[in-house]
Amino acid sequence: MRHDNGGDLLVTVLRELGIDTVFGIVSVHNLPLVEAVDRELRFVPVRHEASAVNAADAYGRARGGLGCALTSTGTGAGNAAGSLIEALSAGTSVLHVTGQVESEFLGSGRGFIHETKDQLGMLKAVSAYAASVPDAGQAGRILREAARSALTAPGGPASVEWPIDLQYAAQTDEPVEYAAPAPFVPAQGELAAAGALLASARRPLVWAGGGANNARGALARLLEATGAGLITSNSGRGSVPEDHEQVIGNFATTPAVRALIEDADVLLTIGTHFRSNETADYTLELPAAHIQIDVDAAALGRVHPVTHALHGDAAGTLTALLPHAATAEPGWTDRVGAVRTEVRAILHDNIGPQAAICDAIRAALPREAVVARDVTIPSSSWGNRLLEMYDPKDNVFPRGGGIGQGLGMGIGAALARPDAPTVVIAGDGGLAVHLGELLTLAQEWPRLTLIVFNDGGYGVLRNMQDHHSERRSGVDLTTPDFGLLARACGLPYARIAAEEHAGPVLGDAIASDGPTLVEVDLGALGPMKNPFTPPVRIPGQ
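Cut-offs applied
- Residues numbered from 1 in each chain as written.
- Predicted model: local features only at pLDDT ≥ 70, side-chain atom pairs only at ≥ 80, totals over all residues.
- Heavy atoms only, no water.
- Buried < 20%, exposed > 50% of the residue type's maximum accessible area, 1.4 Å probe, protein only.
- Helix = DSSP H or I, 4+ residues; strand = E, 2+ residues; numbered from the N terminus.
- Pairing = 2+ DSSP bridges.
- Right-handed = clockwise from strand over helix to strand, strands pointing away.
- Core = buried A, V, L, I, M, F, W, Y, C linked by side-chain atoms within 4.5 Å.
- Contact = heavy atoms within 4.5 Å.
- Axes fitted to C-alpha atoms, helices over the stretch in contact; angles between N-to-C directions.
- Parallel < 35°, antiparallel > 145°, perpendicular 65-115°, else oblique.
- Left-handed = near helix turned anticlockwise from the far one by under 90°.
- Nonpolar A, V, L, I, M, F, W, Y, C, P; charged D, E, K, R; others polar.

Undergrad: Residues and numbers for the pairing of strand S9 (residues 204-208), please.
TA: Judged by how many residues are buried, S9 sits mostly within the fold: five of five residues are covered. Covered by surrounding structure in S9 are Pro204, Val206 and Ala208 together with Leu205 and Trp207, the residues of both alternating faces. Strand direction decides the pairing type here: S9 and strand S10 (residues 229-232), joined by four bridges, are parallel. What sits directly across from Ala208, in S10, is Thr232. Running through helix H9 (residues 216-226), the crossover from S9 to the neighbouring parallel element S10 is right-handed.

Printed below as a string of structure tokens:
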């Protein structure tokens, strides 16, 4: 098959992949690609390459598939690197296509405009897959290979650099039928041994990470069969809807859940990394009887000792374990439910007036709606725990912990699912990192409510410094007048300064057909009962 240029080839491949929207910044070194995508699909011109990758990342998460970002070479590709690190940390599926200088000058060291030293090496460092297009006959193969890599567990971004002369060249392409790899399960002997331990459990617990999100049905059936409680990581939220009475959720380090873990006799963990912030820097003690399921063999036993390490697909492995499920001892499931209620009530009380905002968001949103969260106090304290999630595709946040990515992610998710509203929770400090994306929001006009919690700086680090030292450094920032800023961008604006404002303001914003910037004036609203500090240890304190 022949294509007039690389842009036409890229459109063909993206259509094969089911991608209808691409995020990026136009450049002299990707012009054929952008022009073809803009003509045939939807090109969203974000204001920064990092946001292009964040938006593509969330587009894929919200649809349960792959997203695509286009950037320029050199500085443009470098700008994308931080967001590629996020996708790599999260194992999310992103196809990143970046330009490159003319192949004649590549690597010559002449200082050709937009060239950088060893761009491919940089991309390999921050991607699960990276390759360079060597000629006009191999671009299609490389693009499809990159997409397959991004979509194959454990996932991650795939980057393709494409010299500009080869983008303009006529392309020859021979599509190859690709069959997705069949799910695999451990050997029968391994399953039988793990099944025997599961069958002996009288006080079982399950811990679900992001790897459990493709096993939702099997996981729900296991809970029903055993009466086990379900703890989740942040990434595993929604693997079973969080209004299920056995779902404790992302509360593993709370005193009540620690006590429950201490009394559990068998723990089954599924596709979780046991991240430091979700295990109190690995001080959380787990039951000695531990069955771990993971598609990544390197993850098995990496953080906690494991009795039975099951290397396999979560859905297939859980299904194979189901015949071994036995009912918990009397009273255990009731205790799980009581702990679930207790940890939520305590957190709801501790966040003080912000509880009204949490309640108003959930009341205004339909059951299927994306909640994208930047790294900020409301997200870290209650957005990642108390605000209920019912589907993993609705749960979008920077798993690597970098600030400033929330709005880009929200835009990508909102355009992936235009028929449902999207809410973004951000802080004033994080939003300032990519303030230009307010213009993207105004230009694309998605159903997105941007809730900005304004405390005049980096509240998390401010709380740390106030708690551990006698002075503040770098945490108090100048904040714009968000009403004037919204007006300058042509965005509707509303303000929450009291608990009673939350329901009416958020109800109207979320019900609208376009974007709204909602400022939460934390100075006027009032403080949480207990200032939030991150679960980070400081040596000697």
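Undergrad: Tell me about the nonpolar core, and name the residues and values.
TA: The biggest cluster of nonpolar side chains holds 76 residues, and the ones touching the most others in it are Leu70, Trp162 and Leu450. Counting residues in hydrophobic clusters, the runner-up holds 53 residues, among them Ala264, Ala355, Val423 and Phe453.

Undergrad: Got a sec to walk through unusual backbone geometry? Specific residues and values, please.
TA: Leaving glycine out, the prevailing phi sign among residues is negative, and the prevailing peptide bond configuration is trans. For the bond from Ala153 to Pro154, the omega torsion is 10°, close enough to zero to count as cis. As for its placement among the helices and strands, Pro154 is situated in the loop between helix H6 (139-151) and strand S7 (158-163). Unusually for a residue other than glycine, Ala280 sits at a positive phi of about 55°. The residue Ala280 is located in the loop between strand S12 (266-270) and strand S13 (290-294) in this model. At Asp281, a position not held by glycine, the phi torsion is positive, near 55°. Assignment of secondary structure puts Asp281 in the loop between S12 and S13. We classify Asp281 as buried; its relative accessible area is 17%.

Undergrad: Describe the pairing of strand S6 (residues 129-132), with residues and values.
TA: With four bridges joining them, S6 and S7 adopt parallel strand pairing. Within S7, the position partnered with Ala130 by the bridge is Ser159. Crossover S6 to S7 through H6 is right-handed.

Undergrad: For the sheet that holds strand S18 (residues 448-454), give the residues involved together with the corresponding values.
TA: Spatial ordering of the open sheet is given by S16-S15-S17-S18-S20-S19, a layout of six strands whose pairing is parallel. Looking at the sheet topology across the chains shown, the edges are occupied by strand S16 (395-396) and strand S19 (493-496). Sheet analysis places strand S15 (residues 370-373) next to S16, joined by two bridges and oriented parallel. Its bridge partner being in S16, Ala372 is matched across the sheet by Val396. Across the sheet, helix H13 (residues 354-364) is in contact with S15, strand S17 (422-427), S18, S19 and strand S20 (516-521); its angle to S18 comes to roughly 175°. Here helix H15 (residues 406-416) sits on the sheet in contact with S15, S16, S17 and S18, set at roughly 175° to S17.

Undergrad: Hey, could you go over H13 for me, with residue numbers and the actual values?
TA: Residues three or four positions apart in an α-helix share a direction because the helix packs 3.6 residues into each turn. Most of H13 sits inside the fold, with eight of its eleven residues counted as buried. Buried within H13 we find Gln354, Ala355, Ala356, Ile357, Cys358, Ala360, Ile361 and Arg362.

Undergrad: Describe the packing of H9 against helix H11 (residues 314-321), with residues and values.
TA: Each pair of packed helices can be summarised by the angle the axes make with each other and by the distance between the axes. The N-to-C vectors of H9 and H11 enclose an angle of 30°; their axes lie 8 Å apart at closest approach. In this view, H9 runs roughly parallel relative to H11, as classed from their interaxial angle. The two elements H9 and H11 meet at a crossing, and its hand is left-handed. Contacts from Ala218, Leu219, Arg221 and Leu222 in H9 reach Ala315, Leu318 and Thr319 in H11. Broken down by class, the residue content of the contact of H9 with H11 amounts to five nonpolar, one polar and one charged.

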